[in-house]
Each structure stands twice: as C-alpha cells, then as structure tokens.
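# Observations on the three-dimensional arrangement
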Amino acid sequence: MVSATDIPFSVVGRDIVLMDDVLYTGRTIRAALDALFDQGRPAKVRLLVLIDRGHRELPVEAQFVGRMVQTTANEIIEVKFQEIDSMEKVLLVERIAEQGAGIRSPFGRNAMPRGLLGIENLAREEVQAILDRARDFQPTAGHSFRKFDLLRGRMVVNLFFEASTRTRTSFEIAAKRLGADAVSITAQASSVSKGESLVDTLNTLAAMRPDAIIMRHAASGAPHFLQRHLEIPIINAGDGTHEHPTQALLDARTILDRGVALEGLKVAIIGDIAHSRVARSNVYLLSKFGARIVLCGPASLLPRSSTQIAPGVTLTTDMSEAIRDADVIMMLRVQLERQNEAPFPAGEYFRFYGLRLEQLKLARPEVIVMHPGPINRGREISSEVADSQRSVILNQVENGIAVRMAVLEKVLNAGMVMQTLVIKNGRVMDPASGHDAVADVWIEDGVIRSVGADIATR
Ligand code: CP
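Residues numbered from 1 in each chain as written. Predicted model: local features only at pLDDT ≥ 70, side-chain atom pairs only at ≥ 80, totals over all residues. Heavy atoms only, no water.

## Quick look at the overall build of the chain
Broken down by element type, the chain carries eleven helices and 15 strands. For the chain, with 458 residues in total, the buried portion stands at 47%. Looking at the chain alone, contacts between residues at least 24 apart form 68% of all its contacts between residues at least 6 apart. If you sum the accessible surface of the chain, you get close to 23600 Å²; carbon and sulfur atoms cover 51% of it. (Helix = DSSP H or I, 4+ residues; strand = E, 2+ residues; numbered from the N terminus. Buried < 20%, exposed > 50% of the residue type's maximum accessible area, 1.4 Å probe, protein only. Contact = heavy atoms within 4.5 Å. Areas by Shrake-Rupley, 256 points an atom, 1.4 Å probe, with all protein chains shown as cover.)

## Remarks on the nonpolar core
L249, L262, I269, L285 and L408 are the most contacted members of the largest nonpolar core, which has 63 residues in total. Top element by residues in this core is helix α11 (residues 393–413). It accounts for nine residues. Ignoring sequence-local partners within four residues, the contact set of I269 consists of A279, N282, V283, I293, V294, L295, C296, M330 and L332. If you look at the next biggest cluster of nonpolar residues, it comprises 22 residues, including A268, A322, L360 and V385. (Core = buried A, V, L, I, M, F, W, Y, C linked by side-chain atoms within 4.5 Å.)

## As for the pairing of strand β2 (residues 44–52)
When strand β1 (residues 15–23) meets β2, the two strands line up parallel, connected through eight bridges. When the sheet's bridge partners are listed, L18 is paired in β2 with L47. Traced from β1 through helix α1 (residues 27–39) to β2, the parallel crossover comes out right-handed. (Pairing = 2+ DSSP bridges. Right-handed = clockwise from strand over helix to strand, strands pointing away.)

## With respect to the sheet that holds strand β4 (residues 155–160)
In spatial order, the strands read β5-β4-β6-β7; together these four strands make up an open sheet with parallel pairing. Each edge of the open sheet carries a strand with a single partner, namely β5 (181–186) and β7 (234–239). Taken over all neighbouring pairs, the strand axes of this sheet differ in orientation by 15° on average, direction set aside. For β4 and β5, the ladder comprises six bridges, and the chain directions are parallel. Bridged to F160 within β5 is T186. The strands touched by α11 within the sheet are β4, β6 (212–217) and β7, with β7 carrying the most contacts at an inclination of about 140°. (Axes fitted to C-alpha atoms, helices over the stretch in contact; angles between N-to-C directions.)

## Let's talk about the confidence of the model for the chain
On average, the chain scores 86 in pLDDT, and the residues at 70 or more come to 88%. Here residues 95–112 is modelled with pLDDT under 50, and outside its nearest four sequence neighbours on either side it reaches 39 contacts, counting other chains as well. (pLDDT = per-residue confidence, 0-100.)

## Overview of the packing of aromatic side chains
The full count for this structure, using the stated rule, is two aromatic pairs. Geometrically, the ring pair formed by Y349 and Y353 is tilted, given 5.9 Å between the ring centres and 40° between the ring planes. In this pair, Y349 and Y353 are both assigned in helix α9 (residues 346–353), four residues apart and thus about one turn of the helix distant. Here the two residues Y349 and Y353 agree in accessibility, since each one is buried. One Lys or Arg, R53, reaches over the ring of Y24 and ends 4.0 Å from the middle of that ring. (Phe/Tyr/Trp six-rings, centres within 6.5 Å; stacked < 30°, edge-to-face > 60°. Lys NZ or Arg CZ within 6 Å of the ring centre and 35° of its normal.)

## Overview of helix α6 (residues 245–256)
The end-to-end C-alpha distance of α6 is 17 Å, a good match for the 16 Å that twelve residues give at a rise of 1.5 Å each. Within α6, twelve of the twelve residues are buried, leaving the element largely enclosed by the surrounding structure. By the burial criterion, the buried members of α6 are P245, T246, Q247, A248, L249, L250, D251, A252, R253, T254, I255 and L256. (Expected span 1.5 Å × (residues − 1).)

## Observations concerning α9
Inspection of α9 places Y349, F350 and Y353 among the buried residues, and these make up the whole buried set. Looking straight down α9, one finds that the buried residues subtend no more than 100° of arc, so they occupy a single side. Turned more than 90 degrees off the buried face of α9, the exposed positions are G347 and R351. Where α9 is buried, its residues touch β8 (266–270), β9 (292–296), α8 (319–323) and β11 (328–331). (Arc of directions from axis to C-beta.)

## Some thoughts on the environment of I269
When you line up the elements, I269 lands in strand β8. Between the alpha carbons of I269 and A279 there is a distance of 6.9 Å; along the sequence they are ten residues apart.

## Here we look at the pattern of salt bridges
In total, this model carries 19 salt bridges according to the counting rule given. Two residues, R364 and D327, come together in a salt bridge whose shortest N-O distance is 3.3 Å. With a gap of 37 residues between them, R364 in the loop between α9 and β12 (368–370) and D327 in the loop between α8 and β11 connect regions that are remote in the sequence. Each of R133, D136 and E409 takes part in a single network of salt bridges with overlapping partners. (Salt bridge = Lys/Arg side-chain N within 4 Å of Asp/Glu carboxyl O.)

## Things to note about the sheet that holds strand β10 (residues 313–316)
Strand order in the open sheet made by the five strands is β10-β9-β8-β11-β12, with parallel pairing throughout. At either end of the open sheet lies a strand with only one pairing partner, and these are β10 and β12. Strand-to-strand twist across the sheet, computed as the mean angle between neighbouring axes with direction ignored, equals 20°. Pairing geometry for β8 and β11, over four bridges, is parallel. Looking across to β11, one finds that I270 is bridged to M331.

Written out as structure tokens, the structure reads:
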C-alpha cells in the first residue's frame, strides 16, 4: 500500500538520511528522491539500508549498509528486526570496507581493534597462521594442555547471552593456559536481565579494562554492532545464524590433524543449514582452501542462496549423494531455538537425515565424522556413529582449546609494538655451530636480527 508522507518541516538546506530495509534495483529510492526534491532542495541526501542485495538497475549507492547479502534475482529477502540495544537513536557508522580496516566510529576514534568477528573477511594466510600456531598448543598424548606465560597480566571477559558448554569453557581454559585472567558472565547474571541495554552493559565492562571481550549472542551481527562502539577487541563466540569463527578454525585443525590437506577434500555438511552459523563459518573457511563442500538437508532448511556464500559449494537434499565419497561428514543439530515453524518429529528427521553406521560405507574408507555439539543422539546421529572409530567429536572439543589459545594470543597481541632490544656484551653460545663468544645481540619483533661486536642502538 502506498500512502502520502508529510514531512513536518522544510527540507531545504537540511542533511537528509533516507532509510530502506532492502536495497535492490534502486527504483524505490529513486521514487523517494523524486518525492523529496518535490519538497525543496536539501543540502545533502544520504542512503541507509539494512540489506544490500545487489542487482541494481539504477546508479544508486548506499552510504550506510547493515549487511551485503548476495542473492539471486528471484529470491525474496525478509528482514526481521530484533531489538538488542534498547536505544531510541540510530548511530550512523560509515561503511567498513573490510574487517579490521579503519572506521570512523561515532566516538571519533579512527582505528578498529583487531578482534575476531568472523572467518569471511580473514585472509587465507591469517587462517593458516592461527591453525599453525594452534599446533604449538596441542597437548602431547596422555598429557594436559601446557601452561604458558604469554598473556600474563592480561584479562578477558566471556559474555554469553546464549547457552554454551564447549565454547565458553574452552575460551576460559585457553585464557588461563596462556596465563591470562578470565571472567565469565551469562545473560541471566548480567544487568541486561534488569533492562540495561547491551551497549551500556558492554561499556560498563569496557570500563573495567579487559583486554578482550568474548561474546555470544542470539542476534546475528550483535558483536559487529558492538565492535563499532568499543575500542576493546571483541571475539565472536557465535552470533545468531551468522558466524562461529572459532568453531570453523577448530574443525579445520581437526581435519588437518588427520594428515590431509583441505584442498580438494569433499566435505558434506548435513542438517539444519538455514540456521547454522557453524555451517556458514565452515563454508567460508573451507572454500578459502579449495575444499568441495556439499550442503545437505531437508529443502526447508537448505536455502538455495547457500551456494553463494562462497565458491565450491553445491546443494542436495539427498543424504546418500552428500555422503558418497565424502572425506569428511559434518553433522549439524536441528536448531529448534531458531525456528518459528513446527519442528520435525525426531523419528522422521532421523529416518531421512540422521547418520547411521551403514551409511558410512558410501563414504571414503578413511572418512571422519564431525559434529560441533551439542549432539542429539537418535535425532541427527546414531550412538553407534557418535561413539565409533570414525568419530572425531571429542578431538574437536580438545582442539577447541588449542585453537582458542592461538586466537587469544593473536588478538591480544595485535597492535602490540614489539620492542627492539639490544643486549650489550653478552656471552653468546650456539651449540649447533660451536660459537661461544662475548658479543652484542640485537632482537627486534621477537627475532634475532644481528649478533656482533659493538652493535649501535638506533
Ligand atoms: N559447538 C558449540 O558452539 O558448542 P557450545 O554451544 O556448547 O558452545
């Protein structure tokens, strides 16, 4: 229905921000601009959209974009709002070209702290560096995780607005194994339950000067929104149906531990694709390394747009087709908490999309079965498979600590200026070369740059 809008003031010379939920062809905005200019000539007109889905027919560009969502032309985008900050105002933040790039925040600072909001915007080399570093933190067989001093004196806050067993605990253990202090807060225990806005809660925590905030929230984009207001790096521990970056990292570490490269692997991700942040982060990561990803599930939980998340993705509703010749089978839980529709009866779901032992014969002989947990035995996976030799579910949990240690080290040390250190007249011994003499040693960025007599300090 189209109806007239009265603007109760003169637009002449004003700075006008037009807001639309979804920017598509650009025709709606064109019509709004025509109507606006009928009223007079503003000094400036800018466009704010929640979703930019591409497919423009007119030269229209938004200055403020909530999220770019690549769609096919015949898809329908529905935008559902969820109040997360209780603020009766809109903060305009200029477009962020890339995660980590400088932004103009409403508080006037020009640098975004280097947290970890998702896999999507990480370079392959950054992912590889985290996976490589995680190996250094893996325990040797029969031993516990080693304790390091790398983050001594630092503090992280775990802020979880959704239930978690694995992620919260492993972040806490990871921080402590690195020598940092860790504090955990749940939604029920925070003042959000008394009506405090999310931004106020985060600002309150930030005033206590933690070095990072690890955050899980039911709203997609919540950590991204908050990162725009905070100097402290935020690590995304799962945001709605969007991303769960450390899960994808620990999954990749677990696959690599089998001694295989990710390139060319067939990875079948089976279950509730529509609501899965684990699937999305895994698709981003695996695709960066050239894996072949097959997403499988009932049609109602398998959006056709999923192929456009990243290259190398195909879809099927046929579980046998997904499993055939798979190197990795990743099972997902049906996320009942994120569905408005009536859930499938457990037995019926298991009949079509539950993983049973006999189905593994279709896959490669060395196939591994993964699940991010929590698992629902008899719904998406049988006990025989979950407890079988092919299951690496507990390896994933173990790797969660090693990977989160690597992430915490990276995030908390990012931007830290390593000092140049010159040790004068030290006794320098190198057993490999037999060198044993008094010399100066120049160390920069943690690396020995030079050893010799009389090194001048710059
Ligand atoms: N995989 C995962 O995120 O588990 P939790 O919900 O227990 O943290």
